[in-house]
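These are the residues of each chain, in order.
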Amino acid sequence: MKYLSVLLLALGVAAVPAPSPAIPPPGPDGKYTLTAPGIRAQFMPYAASITNLFVKDKNGVERDVVVGYDNADYYPTDPTHGHYGAVPGRYANRIGNGTFTVGGKTYHTEQNDGPNTLHSGLKGWGHRVFNVTKVSSSSITFSIIDDGVSTGFPGTVFADITYTLSARKWSIKMEASSPEKKTPLLLTQHTYWNLDGFANPHTDLVFNHTYHTPYSRRLLDPDPNMLPTGLITTIPKNSINDFWSKPKQIGASDQDPKWVGNCGTGSGCAGYNNLWIVDKLPSDKSVAATLASAWSGIKVDIRTNQQGLVFYSTYWSNGAAPIKSTQGGPGAKTNGFVQSGGSVAIEAQEWVDGINHPEWNRKQFYGPGDKYVWESDYTFSTFT
């Protein structure tokens, strides 16, 4: 980790703070390992990221089901910087034209995604090193103080990201406040999933995975660059974006004429990178989304307090990121790299660019006296 600290200083990024006597350092690989019955995961301070998540498949074989790197030092230097397992912030996803207005003042953020801001720009939380403020055998809390100066946001934000493992479950709670000024807050966990752990002998893609969002019958209508237009569309049954009527394989609609351009007509993106609205969950125990693979028999049920799910089938993965040494294996189809469509990100979050759509009446500005809370649970099981 000495190399990582020196490297981050050279890049102009805050180095990993020296652990206090009460906080143990990470392992030799730069990662903290948490365990609970039937689940094991690793995390690191850079971007408060999850790097590995191990659960057993239907045959009792342990699979690492998230995308990341073996080498923790590589994350800050990765030229593709896909926010693998990261917490982007203080405002995840897109800000239209890199501008927003609050308190009668217009602010400008880095336009790093065409005309728009993506994940708060190249100095957002996905590029920052968090402090480890609490850690046990099954839980870890990462904390950050963000003054907003380098990213163009008003006010200082204080945030805690807590990951907890329990029996076959990964729980996340994010809390943030801006005690000085009103500022945009929208967080998410940017995990990329492959429930086969890239070990499937038939495919290294996730188009064989099934996805189901029973409470998501509406979609934010996107412009050619996937920025919401402000319109909200109802998803017809059996259409390309219908995952509500029944579980459907991610690649089931790949012959649909709308497949190419469905995640960006301006770029020709094929597949998905849209925000589905989560409507009227019967209770906080209701499953908002389920991802499953028949090959591994692994299923993950996602519960969240967020009213949106961005579903990204990784069209833009360019085959440059290697799979980890904990993935693949004898007979696996993989060539050793994560291909386009090789994973899927499911990002529970508020509505994209809601700060520029007052007609939606979303709560995305937080100031003195406000508390931002984001919660999600990922529960794993197997089926045959």
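The structure presented is a predicted model; accordingly, all values stated were derived computationally and were not measured. Every chain begins its residue count from 1, and numbering advances along the sequence as written. This being a predicted model, a pLDDT of at least 70 is required before a residue's local features are given, and a value of 80 or more before pairs of side-chain atoms are given or counted; all residues contribute to the totals for chains, interfaces and linings. Working from all heavy atoms in the structure, the side-chain values ignore hydrogens and water.

Things to note about the overall build of the protein chain
Point 1. Secondary structure is summarised from DSSP: a helix means a run of H or I of at least four residues, a strand means a run of E of at least two, and numbering begins at the N terminus for each. Along the backbone of the protein chain there are 1 helix and 25 strands.
Point 2. Surface accessibility follows the Shrake-Rupley procedure with a 1.4 Å probe radius. Residue values consider only the protein chains on display as shielding. Element-wise, carbon and sulfur atoms account for 53% of the exposed surface of the protein chain, whose accessible area totals about 15,400 Å².
Point 3. Side chains of the protein chain carry 32 positive and 31 negative charges; the gap between the two charge centres is 5 Å. Lys and Arg are tallied as positive, Asp and Glu as negative. Neither His nor the chain termini are counted. Charged groups are reduced to one reference atom each: NZ for lysine, CZ for arginine, CG for aspartic acid, CD for glutamic acid.

Re the sheet that holds strand β14 (residues 192–193)
Point 1. Strand order in the open sheet formed by 6 strands is β14-β23-β22-β19-β16-β17, with antiparallel pairing between adjacent strands. For this open sheet the edge positions go to β14 and β17 (228–234), each flanked by a neighbour on one side alone.
Point 2. One requirement defines pairing of two strands: DSSP has to find at least two bridges between them. Looking at chain direction, strand β16 (residues 218–222) and β17 are connected through 4 bridges and run antiparallel. From the neighbouring strand, Leu219 faces β17, where its bridge partner is Thr233.

Considerations on the pairing of strand β22 (residues 308–312)
Point 1. Partly exposed describes any residue whose relative accessible area lies between the buried limit of under 20% and the exposed limit of over 50%, with all areas from a 1.4 Å probe on protein chains only and scaled to the type maximum. Judged by how many residues are buried, β22 sits mostly within the fold: 5 of 5 residues are covered.
Point 2. With burial as the criterion, each face of β22 is covered, one bearing Gly308, Val310 and Tyr312 and the other bearing Leu309 and Phe311.
Point 3. As paired strands, strand β19 (residues 273–277) and β22 are joined by 5 bridges and run antiparallel to one another. Residue Ile277 lies in a different strand from β22, and its bridge partner there is Gly308.
Point 4. Bridge analysis of β22 against strand β23 (residues 344–348) gives 4 bridges, and the strand direction is antiparallel. Looking across to β23, one finds that Tyr312 is bridged to Ala345.

Considering the packing of aromatic side chains
Point 1. Note on aromatic contacts: the rings of Phe and Tyr and the six-membered ring of Trp form a pair at centre separations within 6.5 Å, being stacked when their planes are under 30 degrees apart, edge-to-face when over 60 apart, and tilted otherwise. Summed over all chains, the structure comprises 30 aromatic pairs.
Point 2. With a centroid separation of 6.2 Å and 50 degrees between ring planes, the pair formed by Phe43 and Trp170 is classed as tilted. Of this pair, Phe43 sits in strand β2 (residues 39–44) while Trp170 is found in strand β12 (residues 169–177), placing the two residues 127 residues apart along the sequence.
Point 3. The class for Trp170 is buried, based on a relative accessible area of 0%.
Point 4. Centroid distance Trp125 to Phe130: 6.1 Å. Interplanar angle 85 degrees. Geometry classified as edge-to-face. An identical accessibility class is assigned to Trp125 and Phe130; each is buried.
Point 5. Taken together, the ring pairs connect Phe43, Phe142, Tyr163, Trp170, Trp193, Tyr378 and Phe380 into an aromatic cluster.

Comments concerning the sheet that holds strand β1 (residues 32–36)
Point 1. The strand order across the open sheet built from 4 strands is β1-β2-β3-β4, with neighbouring strands paired in antiparallel fashion. Sheet topology places β1 and β4 (62–64) at the edges, where each strand pairs with a single neighbour. Strand-to-strand twist of the sheet, defined as the mean angle between neighbouring strand axes without regard to direction, takes the value 20 degrees.
Point 2. Looking at chain direction, β1 and β2 are connected through 5 bridges and run antiparallel. Along β2, the bridge assignment pairs Tyr32 with Phe43. Between N-to-C directions, angles span 0 to 180 degrees; the directions come from axes that are lines fitted to C-alpha atoms, helices contributing only their stretch in contact.

Considering the state of the cysteines
Point 1. Disulfide: a pair of cysteine sulfur atoms within 2.5 Å of each other. Under the defined criterion, the tally for this structure stands at 1 disulfide.
Point 2. The side chain of Cys263 participates in a disulfide bridge whose partner is Cys269; the two sulfur atoms lie 1.9 Å from each other. Across the S-S bond linking Cys263 and Cys269, the dihedral sits near -95 degrees, which makes this disulfide left-handed. Per residue, the accessibility class of Cys263 equals that of Cys269, and both read buried.

Brief notes about the pattern of salt bridges
Should the charged atoms of two oppositely charged side chains come close, the side chains can pair.
Point 1. Take a side-chain nitrogen of Lys or Arg and a carboxyl oxygen of Asp or Glu: if they are within 4 Å of each other, that pair is a salt bridge. Going through the model one piece at a time under the given rule, you end up with 11 salt bridges.
Point 2. Between Arg63 and Asp57 there is a salt bridge whose closest N-O contact spans 3.0 Å. The burial state of Arg63 is the same as that of Asp57; both residues are buried.
Point 3. Residues Glu175 and Lys173 are paired through a salt bridge, measuring 4.0 Å at the closest nitrogen-oxygen approach.

What to know about the side chain of Thr304
Point 1. Mapping Thr304 onto the fold places it in strand β21 (residues 298–304).
Point 2. Judged by relative accessible area, which is 10%, Thr304 ranks as buried.
Point 3. As used in this structure description, the phrase polar contact means that two N or O atoms lie within 3.5 Å; if the pair is within protein, one of them must be able to donate a hydrogen and the other to accept it, and residues adjacent in sequence are counted only when both atoms belong to side chains. Among the polar contacts listed, one links the side chain of Thr304 to the backbone nitrogen of Gln306, at a separation of 3.1 Å.
Point 4. Among the polar contacts made by the side chain of Thr304, one reaches the side chain of Ser376 at a distance of 2.9 Å.

Overview of the nonpolar core
Point 1. The biggest cluster of nonpolar side chains holds 62 residues, and the ones touching the most others in it are Leu53, Tyr163, Trp170 and Trp193.
Point 2. With 5 residues, strand β11 (residues 157–166) is the largest single contributor of residues to this core.
Point 3. Nonpolar cores are built from buried Ala, Val, Leu, Ile, Met, Phe, Trp, Tyr and Cys residues. Side-chain atoms within 4.5 Å join them into one set. The next biggest cluster of nonpolar side chains, apart from the first, holds 17 residues, and it includes Tyr46, Ala86, Phe198 and Val338.

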